[in-house]
Amino acid sequence: MRKDRKVIDGRILSFDTSPLNKDFDFLSLKVDKKRIFVADGIIESIESVNITKPEFEDIEVVDYGDHLISAGFVDAHVHYPQTAIIASWGKRLIDWLNIYTFPEEMRFKNLQYASEIADRYIEFSLSNGTTTMASYCTIHPESVDAFFESAATKNMCVVGGKTCMDRNAPDDLCDTVQSAYDDSKTLLQKWHKKGRAHYAITPRFSPTSTPDQLSALGSLWSEHPDCVMQTHLSEQTDEVDWVRKLFPNTRDYLDTYETFGLLGERGVYGHAIHLEAREIDRLSEVGASLIHCPTSNAFIGSGLFDMKTLSTRSVKIGLATDIGGGSSFSMLRTMACAYEVAQLRGFVLHPAQLMWLATQGSAKALHLDDQIGNIAPGLAADFVVLDLSSTPEISQRSVRANDIWEELFPTIMMGDDRAIVATYVSGKKI
Ligand code: GUN
Ligand code: ZN
């Protein structure tokens, strides 16, 4: 059969190793004008712009000039059902959940409403250059179907799962030990690895699950070890105190997961701000993933993620908007906030490190880096094309740049969806 081919030119940003590695040589990073050959949604090769290939001869070259082509952004922790309650004023975590979040999540029993919000959320994300996301759904299986169906219409690589909770939430938003296990299993069997979908076993967080429910989900994970398990960890100090009261026999917050089989290399823990030394050691021992949600941590008043320490440990680190605790759908805005939060902790993140966190870092944290998160042969042709002079305010700064990083940084700090020239998913411009 004839292949669907594309040829795309632009300045290509890709990574061989993590720029967060100690001794990383920033001078080795080259962002040159190159040509990407794409066949059937997969990157075939990256060549210099004067290369032609016989099988691509009748294909028109799409030339993005000086625009920067990066792997599409990977948002490693979001709650798509919270799209419509983004920017809800004045509360900290537990009140914010009770007052804004839980009433909205109750609406996702209705498949039509769930589909409307899933489509809206995916449109907002794509227009901001995000091509993959790991989303919590609600307790309702309908919300999971809506999410995966919406992503499948665009052929997107996504991660999602039914959020499980059987206590400390309104009755209408609680499942049970058995239904959490059964529904999660059914949804996992229905969606995991169907096309580009990946199922994540998703206990919301320790306060909203009984020990029995955590244990049932731990069993499910042991039966499906190729899935990731996503949850929240040590986001606010009040929450950590509450967990201590709810689980008096565990060593710390992380131990509430480990005790019930919910700690592992494929464990993806959102926020991870108020960690004790033992927890950091244990997370490093198992090589778990921590997801930094800087706009959310600032917005809900949670705290400052310790990138300086954690990036030297053997945990994987991803970056995320955490919609709707987060205050922006844009991974550019999220990188800007990550930069500011690191500054507040006395650590300076390089623009290459920020871009890496928003692409390959998140892809590695979700165990999807064999498919997405970089521009390299064999990976999916999921790209974002960035205009580094998208507004007068940005271009008057970037025009003075001495190198690509100085040129890119104003877009990271001040850019929005006007900087997104194009988003490609599986080789198709969306
Ligand atoms: N912890 C438990 N649930 C949530 C949620 O929906 N958002 C955030 N930011 N933290 C949580
Ligand atoms: Zn969250």
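Data block above holds the structure.
Note that residues are indexed from 1 along each chain, following the sequence as it is written. Whichever chain is written first is A, and whichever ligand is written first is 1; the rest continue in order. Local features in this predicted model are restricted to residues of pLDDT 70 or higher, and side-chain atom pairs are both shown and tallied only at a pLDDT of 80 or more, whereas totals for entire chains, interfaces and linings draw on every residue. Values shown for side chains rest on all heavy atoms present in the structure; no hydrogens or waters enter the calculation.

Enquirer: Which residues make up the sheet that holds strand 4 (residues 61-71), and what values do they have?
Expert: The pairing criterion for strands is at least two bridges between them, as found by DSSP. A run of H or I in DSSP counts as a helix once it spans at least four residues, and a run of E counts as a strand once it spans at least two, with each numbered from the N terminus. Here seven strands make up an open sheet; going across it, the order is 3-2-1-4-14-15-16 and the pairing mixed. Edge positions in the open sheet fall to strand 3 (42-47) and strand 16 (428-429), since each of these has one partner strand only. In this sheet, strand 3 lies alongside strand 2 (residues 33-39) in antiparallel orientation, the contact comprising five bridges. Within strand 3, the residue paired with Arg35 across the bridge is Glu47.

Enquirer: Can you explain the coordination of the zinc ion (ligand 2)? Please cite residues and give values.
Expert: Donor atoms from the polypeptide that bind the zinc ion (ligand 2) are His77 (NE2), His79 (NE2), His232 (NE2) and Asp322 (OD), placed at 2.0 to 2.7 Å. Keep in mind that water is not among the atoms, so a site may look incomplete; donors are the N, O and S atoms within 2.8 Å of the metal, or 3.2 Å for Na, K and Ca. Working rule for geometry: tetrahedral if four donors all subtend angles between 85 and 135 degrees; square planar for four, octahedral for six, if opposite donors exceed 155 degrees and the others stay between 65 and 115; irregular in every other situation. Around the zinc ion (ligand 2) sit four donor atoms; with metal-centred angles ranging over 85 to 161 degrees, the donor geometry is irregular. Mapped onto the polypeptide sequence, the residues donating to the zinc ion (ligand 2) form the spacing pattern H-x1-H-x152-H-x89-D. On the criterion of sequence distance, the pair formed by His77 in strand 5 (residues 73-79) and His232 in strand 10 (residues 228-233) is long-range, its members being 155 residues apart. The same class applies to His77 and to His232, which are both buried. To sort residues, take the accessible area from a 1.4 Å probe on protein chains only and compare it with the maximum for the residue type: under 20% means buried, over 50% means exposed, and anything in between is partly exposed.

Enquirer: I'd love a proper account of the environment of Ser143, names of residues and values included.
Expert: Relative to the elements of secondary structure, Ser143 occurs in helix 3 (residues 141-153). Looking at Ser143, the relative accessible area reads 0%, which means it is buried. Once the C-alpha coordinates of Ser143 and Asn110 are considered, the two residues, 33 residues apart in sequence, prove to be 8.1 Å apart. Non-local contacts of Ser143, meaning those with residues more than four positions away in its chain, are made with Tyr80, Phe108, Ala114, Cys137 and Thr138. Whether two residues are in contact is decided by their heavy atoms, any of which lying within 4.5 Å being enough.

Enquirer: Tell me about the nonpolar core, and name the residues and values.
Expert: Remark: nonpolar core denotes a set of buried residues (Ala, Val, Leu, Ile, Met, Phe, Trp, Tyr, Cys) joined through side-chain atoms within 4.5 Å. Tyr80, Leu283 and Leu386 are the most contacted members of the largest nonpolar core, which has 104 residues in total. Looking at this core element by element, the count peaks at seven residues for helix 2 (residues 111-127). Beyond its immediate chain neighbours, meaning those up to four positions away, Leu386 contacts His67, Leu68, Phe73, Leu332, Met355, Leu408, Ala419, Ile420 and Val421. Of all hydrophobic cores here, the second largest spans 17 residues; its members include Ala76, Ala134, Ile291 and Ala320.

Enquirer: Got a sec to walk through the pairing of strand 15 (residues 420-425)? Specific residues and values, please.
Expert: The buried count for strand 15 comes to five of six residues, which makes it a mostly enclosed element. Strand direction decides the pairing type here: strand 14 (residues 383-386) and strand 15, joined by four bridges, are antiparallel. Of the residues in strand 15, the one forming a bridge with Val384 is Thr423. Bridging between strand 15 and strand 16 involves two bridges; their strand directions are antiparallel. Pairing of Val425 across the sheet is with Lys428, part of strand 16. Counting the residues that bridge the hairpin from strand 15 to strand 16 gives two residues, and of these Ser426 lies at a positive phi of roughly 50 degrees.

Enquirer: Can you break down the site of ligand 1 residue by residue, with the values?
Expert: Throughout, near means a residue has at least one heavy atom within 4 Å of the molecule or strand. Neighbouring ligand 1 are 13 residues; His79, Gln82, Arg204, Glu235 and Asp322 lie closest to it. Contacts described as polar in this section are N or O atom pairs within 3.5 Å, which, within protein, must combine one atom able to donate a hydrogen with one able to accept it, while residues neighboring in sequence count only if both atoms come from side chains. A distance of 3.5 Å is found between an oxygen atom of ligand 1 and a side-chain nitrogen or oxygen belonging to His79. Arg204 places a polar side-chain atom, nitrogen or oxygen, 2.7 Å from a nitrogen atom of ligand 1. A total of 280 Å² of accessible area belongs to ligand 1 in isolation, and the protein chains cover 100% of it. More than half of the atoms of ligand 1 fall within 2 Å of the grid points belonging to the largest cavity. The leading source of residues in the shell around ligand 1 is helix 1 (residues 93-106), at three residues. The residue classification treats Ala, Val, Leu, Ile, Met, Phe, Trp, Tyr, Cys and Pro as nonpolar and Asp, Glu, Lys and Arg as charged. All others, Gly included, are polar. When grouped by side-chain class, the residues that make up the shell around ligand 1 number five nonpolar, five polar and three charged. Accessible areas in this description were obtained via Shrake-Rupley with a 1.4 Å probe; residue shielding takes into account the shown protein chains only. Put plainly, a pocket is an open set of points on a 1 Å grid over the protein atoms alone with protein on both sides within 12 Å along at least five of seven lines, a cavity is a set where a 1.4 Å probe fits but cannot get out, and a lining residue has an atom within 4 Å of a point. Whether a molecule lies in a cavity or pocket depends on its atoms, and more than half of them have to be within 2 Å of the grid points.

Enquirer: Outline the state of the cysteines, listing residues and values.
Expert: By definition, disulfides here are pairs of cysteine sulfur atoms that lie within 2.5 Å. By the definition in use, this model includes zero disulfides. Here Cys157 is not cross-linked by a disulfide; its sulfur's nearest cysteine counterpart is in Cys227, at 13 Å. Free cysteine Cys337: the closest other cysteine sulfur is in Cys293, separated by 11 Å. In this structure Cys337 comes out as buried when scored by relative accessible area, which is 5%.

Enquirer: Let's hear about the environment of Asn155: which residues, and what values?
Expert: Mapped onto the secondary structure, Asn155 falls in the loop between helix 3 and strand 7 (158-161). On the accessibility criterion, Asn155 (39% relative accessible area) is partly exposed. Once the C-alpha coordinates of Asn155 and Thr131 are considered, the two residues, 24 residues apart in sequence, prove to be 9.8 Å apart. Here Asn155 is in contact with Arg196, Val425 and Ser426, once residues within four sequence places are set aside.

Enquirer: Run through the side chain of Glu235, naming residues and quoting values.
Expert: Checked against the element boundaries, Glu235 lands in the loop between strand 10 and helix 6 (237-246). Note that His is not counted, nor are the chain ends; the positive residues are Lys and Arg, and the negative ones are Asp and Glu. Each reported salt bridge corresponds to a side-chain nitrogen of Lys or Arg within 4 Å of a carboxyl oxygen of Asp or Glu. Despite its burial, Glu235 pairs with no opposite charge; the closest candidate is Arg204, at 8.3 Å N-O. A distance of 3.5 Å separates polar atoms of two side chains, one belonging to Glu235 and the other to His271. If near-sequence neighbours (up to four positions away) are discounted, Glu235 is found in contact with Leu93, His271, Ile273, His274, Ser296, Ile300, Ser302 and Asp322.

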